[in-house]
Every structure is written in C-alpha cells, then in structure tokens.
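Chain by chain, the residues:
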Amino acid sequence: MNSVYTVNKGINKSIEFRGLRAQYIWYFAGGVMALLILFSLMYIIGINTYVSMIVILASGTYLVIKVYQLSDKYGEHGMMKAAARLRVPKSVKCRSRKVFMLIERS
C-alpha cells in the first residue's frame, strides 16, 4: 500500500495576509481593536453616531495606509533593524584601564 504525502514547502516562511507580512499584521489588528474601543467610548459618551463614524472611518483609512507604507518601506524585518540601529551608541568612552586589566584568576 503506497501513501502519498504532500510536503509543506512554506514551513519557514512568515505568515502573510493581503500583502501584510509578519509583525505588520499584528500592528493592523491592534489598530483595528483600538478603533473599535474608540468608537465604543465615543458612543458611550454620547457623541453623534455619524460624527463617530466619520472619525473612525478617517482614522481607519489612515491606519491602513500607514501600515501598508511601513510594510512596503521596511519589509519583514527592516523595521526592527531600523529601531535597533537607533539604539547603537555613537561612541564608547572608557576613562579607565581597569576594564582591560581585569584578569579572572581561578
């Protein structure tokens, strides 16, 4: 009896949803959740529903445009690399030789 197994060729690839890859899916989902909470707060406060809808639709449009721009600009890992690059110090100053003179004795 021969069995045929299909091989998953995308096993090491990151997830993708409508052109968004990796962490940008989470940014988009977080933004949508924030907009949902904002709309519910505006509704509870008593702001006109049409005004709330206009604000949420404008903010949602901005969210979609911005997340896709970030995804296109940085790619899958580029945004993390750019953030890490900002945290690298410009120079390292050492005013003492003690750091280099310490020898661990066993």
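Residues numbered from 1 in each chain as written. Predicted model: local features only at pLDDT ≥ 70, side-chain atom pairs only at ≥ 80, totals over all residues. Heavy atoms only, no water.

1. Some remarks on helix α2 (residues 49-74)
1) Next: Spanning 26 residues, α2 covers 37 Å between terminal C-alpha atoms, matching the ideal 38 Å at 1.5 Å per step.
2) Next: Burial in α2 covers these residues: Ser 52, Ile 56, Gly 60, Leu 63, Val 67 and Ser 71.
3) Next: Packed against the buried residues of α2 are β2 (20-21) and α1 (23-45).
4) Next: Positive phi appears at Gly 75, one or two residues downstream of α2, with a value of about 80°. (Helix = DSSP H or I, 4+ residues; strand = E, 2+ residues; numbered from the N terminus. Expected span 1.5 Å × (residues − 1). Buried < 20%, exposed > 50% of the residue type's maximum accessible area, 1.4 Å probe, protein only. Contact = heavy atoms within 4.5 Å.)

2. A look at the confidence of the model for the chain
1) Next: Per-residue pLDDT for the chain averages 84, and the proportion of residues at 70 or more is 91%.
2) Next: Element-level pLDDT for the chain is lowest in strand β1 (residues 16-17), with a mean of 70, against a maximum mean of 92 in α1. (pLDDT = per-residue confidence, 0-100.)

3. Considering the packing of α1 against α2
1) Next: For the pair α1 and α2, the least separation of the axes is 10 Å and the interaxial angle reads 170°. Considering their axes alone, α1 and α2 lie roughly antiparallel with respect to each other. (Axes fitted to C-alpha atoms, helices over the stretch in contact; angles between N-to-C directions. Parallel < 35°, antiparallel > 145°, perpendicular 65-115°, else oblique.)

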